[in-house]
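For reference, the chains in residue letters:
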Amino acid sequence: MKNLLILFGLLVVTNTTAQFGGDPILNLQNEDKKFLNWGYYLGFNQYDFQFEYKDDIGKDILVDKSFGFNVGLIGELRINEFLDARFEPGLLYTSRTLGFPGFTSQVDALREVRSTYIRFPLLIKASTRRIGNWKPFIVGGVYASINLGSNEDSLDDNSSGQFRMKQNVYGYELGFGIDFYTEYFKFTPSIRGVFALTDELVPDEDPNSPWTGNINTMRTRGIFINFTFE
């Protein structure tokens, strides 16, 4: 993720220099005057978990994070010169490996959590005035998502090697980015932080389960790097 952030920064600096240098010709001058706007996005994600424990035993569950991908569509409604309401439904895939303490066997200690989310974010985008061919903004709002790989209804639990999560997840996201106005379309790199508000864990049937017995809540935390084309 550190390398992705560096790449994102270099991309922003390069494009800003190219668009802001001299006296640029303004591209897509009427782009932001439309009442409705459409587009799509592609990007990367890295998801984590935040655990809250019932008892502090000094041994946390470890999360091995990997990179996933996200794709989706954009519908934007213009409120005024600086504010837009956005609906960004999308598909997200991510994978995490959990390492539980207290086991001597790797088979028992590790659980791979693969998740495919269908997301429905409703966001407000607050922009500055356009500066040449670029415009910074911040964005934030709430989302609902459906985890297609939750295993919530599975009759097996961790004692059978099956880690279970709740299918419906609700939370909020915050981010920032820059709109770049090219000759033919608006290109927007952005960084988003994602924070689940609901507990996603489906506990094992055994209340003293060595896997879930000490977990009070488990919530997703994640970061996106999205590239938008409008």
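Residues numbered from 1 in each chain as written. Predicted model: local features only at pLDDT ≥ 70, side-chain atom pairs only at ≥ 80, totals over all residues. Heavy atoms only, no water.

**Here's the deal with the nonpolar core**
Inclusion rule: Buried Ala, Val, Leu, Ile, Met, Phe, Trp, Tyr and Cys residues form a nonpolar core when they are joined through side-chain atoms within 4.5 Å. The rule is simple: take the accessible area with a 1.4 Å probe, protein chains only, and divide by the maximum for that residue type; under 20% is buried, over 50% is exposed, in between is partly exposed. Helix numbers and strand numbers start at the N terminus; a helix is a DSSP run of H or I with at least 4 residues, a strand a run of E with at least 2. Whether two residues touch is decided by their heavy atoms; if any such pair falls within 4.5 Å, the residues are in contact.
F49, F51, L98, F163, M165 and M218 are the most contacted members of the largest nonpolar core, which totals 21 residues. Taken together, the elements giving at least two residues each to this core come down to β1 (36-53), β5 (90-99), β6 (110-127), β9 (186-196) and β10 (215-229). Beyond its immediate sequence surroundings of up to four residues, M165 is in contact with F49, R96, V113, S115, Y117, N147, S150, N151, E152, E200, V202 and M218.

**Observations regarding the UniProt feature "domain: Outer membrane protein beta-barrel" (unreviewed entry) in the chain**
Going by this rule: UniProt positions are given in the numbering used here, feature names are shortened, and annotations may be inferred rather than shown by experiment.
UniProt feature "domain: Outer membrane protein beta-barrel" (unreviewed entry): in the numbering of this structure it lies at residues 29-200. Across residues 29-200, the secondary structure splits into 2% helix and 62% strand, with the terminal C-alpha atoms separated by 45 Å.

**Considering the packing of aromatic side chains**
Which entries qualify depends on this criterion: Each Phe, Tyr or Trp ring (for Trp, its six-membered ring) is paired with any other whose centre lies within 6.5 Å, and the angle between the two planes then decides the class: stacked below 30 degrees, edge-to-face above 60, tilted in between. Any Lys NZ or Arg CZ found within 6 Å of a ring centre and within 35 degrees of that ring's normal is scored as a charge over the ring.
Per the stated rule, a full pass over the model turns up twelve aromatic pairs. Aromatic pair Y47 and F224: ring centres 5.9 Å apart, planes at 5°, arrangement stacked. Placement of Y47 in strand β1 and of F224 in strand β10 is noted, with a sequence separation of 177 residues between them. Residues Y47 and F224 agree in their burial class; the two are buried. Ring centres of Y172 and F195 lie 5.1 Å apart, and the angle between their planes is 20°; this geometry places the pair in the stacked category. Placement of the pair is Y172 in strand β8 (residues 168-181) and F195 in strand β9, with a sequence separation of 23 residues. Site record: aromatic cluster; members linked through ring pairs are Y40, F185, F187, F227 and F229. Here the guanidinium or amino end of R119 rests over the ring plane of Y143, the centre of that ring lying 4.5 Å away. A cation sits over an aromatic face here: R130 above Y181, 3.7 Å from the ring centre.

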